[in-house]
Each structure stands twice: as structure tokens, then as C-alpha cells.
Amino acid sequence: MGGHGTSDQDGEVVATLCGVVERVNKLVYVRTLRARYKPEVGDIIVGRVIEIAPKRWRLEINFSQDAVLMLSSMNLPDGIQRRRTAVDELNMRSIFEENDVICAEVRGFQHDGSLHLQARSQKYGKLERGQLLIVPAYLVKRRKQHFHHLEQYDVDLILGCNGFIWVGEHVVVGENTNMMEDKPSLSAEVENFTPLETRKHICRLANAVRVLSALGFTLTVELIIETAEASVSSNVEINNMLGAEFYVQTAEREAKRRADLLRKRSRGR
Amino acid sequence: MEYVNLLTGFRVDGRRPNEMRQLKGEVGVVARADGSALFEMGNTRVIAAVYGPREVQNKGQQVNSKEALVRCEYRMADFSTGDRRRKPKGDRRSTEISLVIRQTMEASILTHLMPRSQIDIFVQVLQADAGTRAACINAATLALADAGIPMRDIVTSCSAGYLCSTPLLDLNYIEDSAGGPDVTVGILAKMDKVTLLQVTKYHELLLIAASFRTPLVLSSIHTNSITTILHTMCSLVKHFSCHLYPEGHCFL
């Protein structure tokens with residue numbers, strides 16, 4: 001039986017995509033390698049706002065269409081559950097502006113085929129003070145946890161299922177915006193300042209992600225941290241992480257890891 | 001001028017009449033594109049980049065929301081020809097070739113699988129040595145396959161001409177500018193269907209009607225061998241993922 005990426009030609013199953021043939025019992029399908037992201041309900045994604053339309057934001061998420069985040073499917077910054085008024089609609093730009101990076105969850109497909117998102121929790125929302133990295137979507141596997149707080153670096157790492165990866169300064173979840181406004185402006189400025197150390201950590205982790213994605217390794221938190229740590233222990237400067245030497249080092253480490261894994265498995269048998 | 005040596009039967013560049021130029025292909029050459037390919041047929045060198053399927057940019061262009069919109073832009077680099085010249089963007093020749101490539105690719109792309117989206121194909125000729133049309137189609141096919149876009153079949157293309165009462169395959173610049181009739185054929189290889197057939201100097205071809213079939217048959221046979229190469233390349237891509245660049249060298 002032919003699944004996705006196949007077609008029937010004169011009783012013969014033929015591939016229509018360039019990729020890897022997968023078999024599940026009698027079903028044959030083709031998995032592409034470099035195709036765009038295919039959303040599934042519940043996926044955590046990172047996207048960029050490209051347009052503000054009536055009652056909704058349009059987001060670029062590396063899908064074949066733009067995703068839609070409705071004003072009604074997100075928590076308002078004041079945290080009160082209520083009907084969205086016309087005033088809210090006018091103030092949409094105060095929540096997200098064009099080119100803002102946002103984290104949200106895939107809510108589902110509408111009957112007309114458009115993709116809807118939701119951001120109904122404190123952990124979703126605008127991402128600030130960090131770097132957005134774009135990697136091929138297949139490098140990010142669906143896991144239980146996509147938000148990671150790396151305490152040792154004071155950095156937040158969000159692995160979006162769509163291949164958008166956010167590395168940014170850690171923000172305390174549940175921080176109320178009203179609280180911020182109460183503080184005097186001077187301390188707010190201090191609050192806005194990201195320490196140099198954290199910035200360096202962000203850059204180091206971001207470069208680790210770049211190296212790993214260029215090598216085509218599946219991105220997991222463990223691997224990213226390991227790579228960043230390896231760069232520290234072998235005294236590789238942040239700017240030298242993208243040099244050929246570190247690429248080779250990383251690839252060799254991964255090769256060794258896989259060989260060890262194989263050996264362990266064969267011993268287990 | 002003598003384009004085919006009467007004694008040896010060799011052409012100006014030393015090929016036999018039914019011999020193709022050296023083919024070379026490389027996938028994944030443009031980092032930011034969804035799919036890309038560099039394709040060489042002898043000295044003709046073409047780069048193709050595919051963006052999409054993505055949101056339709058100009059909603060007015062969308063004819064049918066149930067199918068993907070395919071767009072194509074063909075361009076020749078200023079340095080691609082012997083004399084360096086600024087090439088205007090929307091001249092007749094490039095508009096025509098853009099249209100031809102678009103129609104050929106649209107015939108093979110399964111557009112109904114990607115509703116409300118658009119696919120952009122950009123092809124640029126880096127070095128023109130005749131047969132750019134054919135090279136562009138081959139490059140575009142590779143780039144589309146690289147982008148993971150579902151296609152009915154692989155489209156392959158090749159040109160052929162008729163000079164010195166000999167049918168010649170895959171003309172080069174000297175032969176092309178000799179002014180003989182020539183055909184460009186695009187074929188859906190596995191389904192064995194012709195998606196493109198362009199003939200120049202049709203009347204001359206009719207005059208030599210007896211041999212009309214020969215260049216056509218010639219080029220269609222050899223598009224099949226191009227197909228094999230493209231298929232091999234695709235399977236190479238499969239094996240090495242997209243991060244290594246497989247190169248398919250071949251003499252035919």
C-alpha cells in the first residue's frame with residue numbers, strides 16, 4: 001500500500017519525493033529530508049510575526065502557509081480572562097509587533113486548511129534578548145520537553161518543532177508586566193541589561209547549534225550542551241567555533257559516541 | 001563550414017553526432033533556498049534555486065486555491081555570454097523561456113498536494129554555451145527534488161539539431177549559431193511522456209522531412225540517459241543526506 005510521497009502508476013508504487021523509503025507493515029511511504037515543516041497538533045513552535053491583520057497575527061513558521069495566531073486564543077498581558085474588546089484589538093501592536101519572535105503551540109487546522117496557533121500559557125509569548133536560529137526542521141525531534149532552562153548558563157533554550165531555535169536570556173515565568181511598570185524607570189533599565197557573561201553564553205550555545213545543524217546531527221539539549229562544553233574545555237573561542245577545526249572535532253566526538261553506543265549494544269546481546 | 005568531419009564523422013568539438021556533452025550536477029548549492037542545484041552540460045552552466053511551498057505573496061496571481069501556484073524566473077548573468085552585456089530583466093527571450101520552464105515543471109509537480117501555496121523557481125545561466133533551456137529544466141528538476149516537492153516524474157531535457165545532413169545531439173554554441181534547425185525535448189522519463197517540444201526553423205525541418213524524426217528520436221533517447229543520471233543523483237542525495245554534495249560525472 002502506498003502512503004505519503006508515493007503514487008500509483010499502472011499498478012506500480014512509485015516515489016514522488018526525493019527521500020528515504022520507510023515501511024510500516026504493508027504501508028510504504030517516503031520521508032523527505034529537506035522539505036518544509038509539517039505541523040502536528042500540539043507542536044511547540046517558534047515563529048516570526050510578519051503581519052497584523054484584524055484580530056490576528058500572521059506568523060512565518062517555515063510551513064507552506066503562514067500560521068495564524070488569533071487574539072482570542074492567547075492570554076492577555078494583564079492575565080484576566082475576559083472577552084476581547086475593540087480596544088484590545090486596537091492595542092494588538094502593544095502585545096506583538098511585526099518582526100517579533102514568538103513562541104506558541106499548534107492548535108489545529110481550520111476547516112479551510114489554515115493553520116491556527118494558541119498561546120494560552122505564561123511560557124508562550126514574545127521572545128526577547130536572544131538569538132533565533134533557523135535549522136532544517138527534521139533535525140528537531142518531537143519530545144516531551146521543548147523549553148529548557150540551562151541554569152549553569154542562565155539561558156533559555158527553546159527547540160521549536162519547525163526548526164526555529166531560540167537561545168535567549170532566562171526569563172522568570174509568571175513575571176507580571178504590572179510589576180515591572182511599578183518599578184522606577186532606573187531599575188527597569190538595569191533589568192533590561194543583559195550581563196556580558198550571559199551574552200557570551202548565548203553566543204556559544206547558538207554557535208554550537210549552528211555547528212551541529214550544519215553537520216546534520218539531531219538537535220537535543222544534551223548534545224548542544226555537550227558541544228558548548230567541549231568548546232570551553234578545548235579552549236575554542238566563540239568566534240572560532242564556526243571554523244573547520246571545531247567542525248571536525250564535533251564530528252569526531254559524535255562518531256565516537258555512536259561507535260560506543262554500537263559496541264554497548266552488541267555487548268548487550 | 002564543415003560541422004561534421006566527412007572523413008572521421010566527428011564534430012567540431014570532437015564528439016560523435018550522437019554524443020552528449022559532459023554532465024555534472026551538484027545539489028544544495030544555495031544555503032538559504034529550500035532546494036537548489038547547479039547543473040552543467042559541457043560549458044553550459046546553470047544554477048537553480050527553489051523557494052517554497054510558501055504563502056502566496058500576490059493573492060491576485062492565485063487562480064485556483066486548491067492548487068499550488070508555480071512561478072519561474074529565468075535570467076542570464078551579464079557575464080554568461082562571450083560579450084559582457086547588461087541583460088534587461090523582462091526581455092522577450094527570457095520571458096518566453098521562463099514561461100516554457102514554468103509550464104514544463106508545472107506538468108510534473110503535484111500541485112494539488114500543496115493548496116494555497118506558491119513555489120518559486122529561479123534559474124540563472126552562469127555560462128551560456130547553447131542548450132540553456134534544456135540545462136535549466138534539468139537544474140530545476142534537481143532543485144525541486146532537493147526541496148522535497150512531490151513530482152509525478154523527473155523531467156529531463158536535451159536539445160538536438162541538424163547540420164551537414166547529420167542529426168546532432170546536444171548542440172554547442174558553434175553548432176547552435178550555425179543556423180540549422182533544432183529541437184528541445186522535455187520528457188517525463190518513467191511515464192514516457194513528452195512535456196516540452198520546441199522546434200526552431202520548423203520549415204527547414206519539414207523540408208528535410210525524412211530526417212525530421214531523427215533529431216527528435218535522438219534527443220528523446222538521450223533524455224532517458226539524463227534521467228538515469230538524475231535518478232542516481234537523487235538516490236545519492238538520499239544516502240548522504242543533503243549535507244554532502246554528491247557529484248554525478250558522466251560521459252555519454
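The shown structure was predicted, so the numbers you read here are calculated from the model rather than taken from an experiment.

This next bit is on the domain arrangement of chain A. Annotation of chain A at the domain level lists domain 1 (1-33), domain 2 (36-127) and domain 3 (128-269). Distance from the C-alpha centre of domain 1 of chain A to the C-alpha centre of domain 2 of chain A: 34 Å.

On to the interface of chain B and chain A. Every contact between the two is made by 25 residues of chain B and, on the other side, 19 residues of chain A. At the level of elements, β3 (44-55), α2 (132-146) and α5 (213-240) of chain B are the ones that each hand at least two residues to the side of chain B that touches chain A. Residues that form the side of chain B that touches chain A fall into these classes: twelve nonpolar, five polar and eight charged.

Residue and element names in this part refer to chain B. With 17 residues, helix α1 (residues 92-108) should reach 24 Å at 1.5 Å per residue; the first-to-last C-alpha distance of 25 Å fits that figure. Among all positions in α1, only Ile 97, Ser 98, Val 100, Ile 101, Thr 104, Met 105 and Ser 108 are buried. Buried residues along α1 cover an arc of 165° about the axis, so they all sit on one side. Within α1, the exposed residues directed more than 90 degrees away from the buried face are Arg 92 and Leu 99. At its buried positions, α1 is contacted by β4 (69-76), β5 (117-127), α2, β6 (155-163), β8 (182-188) and β9 (193-200).

This paragraph deals with the packing of helix α5 (residues 196-215) of chain A against helix α7 (residues 244-268) of chain A. Residues and elements named next belong to chain A. Between α5 and α7, the shortest axis-to-axis distance is 10 Å and the interhelical angle comes to 70°. Taken as axis vectors, α5 and α7 run roughly perpendicular relative to one another. Between α5 and α7 lies a crossing of right-handed hand. Contacts between α5 and α7 involve Val 211, Leu 212 and Leu 215 on the former and, on the latter, Phe 246, Tyr 247, Thr 250 and Ala 251. Residue classes in the contact of α5 with α7 are distributed as six nonpolar, one polar and no charged.

Quick notes on the rules
- Residues numbered from 1 in each chain as written.
- Chains lettered and ligands numbered in written order.
- Predicted model: local features only at pLDDT ≥ 70, side-chain atom pairs only at ≥ 80, totals over all residues.
- Domains from an automatic or database assignment.
- Contact = placed C-beta atoms within 7 Å.
- Helix = DSSP H or I, 4+ residues; strand = E, 2+ residues; numbered from the N terminus.
- Nonpolar A, V, L, I, M, F, W, Y, C, P; charged D, E, K, R; others polar.
- Expected span 1.5 Å × (residues − 1).
- Buried ≥ 20, exposed ≤ 12 C-beta atoms within 10 Å, placed from the backbone.
- Arc of directions from axis to C-beta.
- Axes fitted to C-alpha atoms, helices over the stretch in contact; angles between N-to-C directions.
- Parallel < 35°, antiparallel > 145°, perpendicular 65-115°, else oblique.
- Left-handed = near helix turned anticlockwise from the far one by under 90°.

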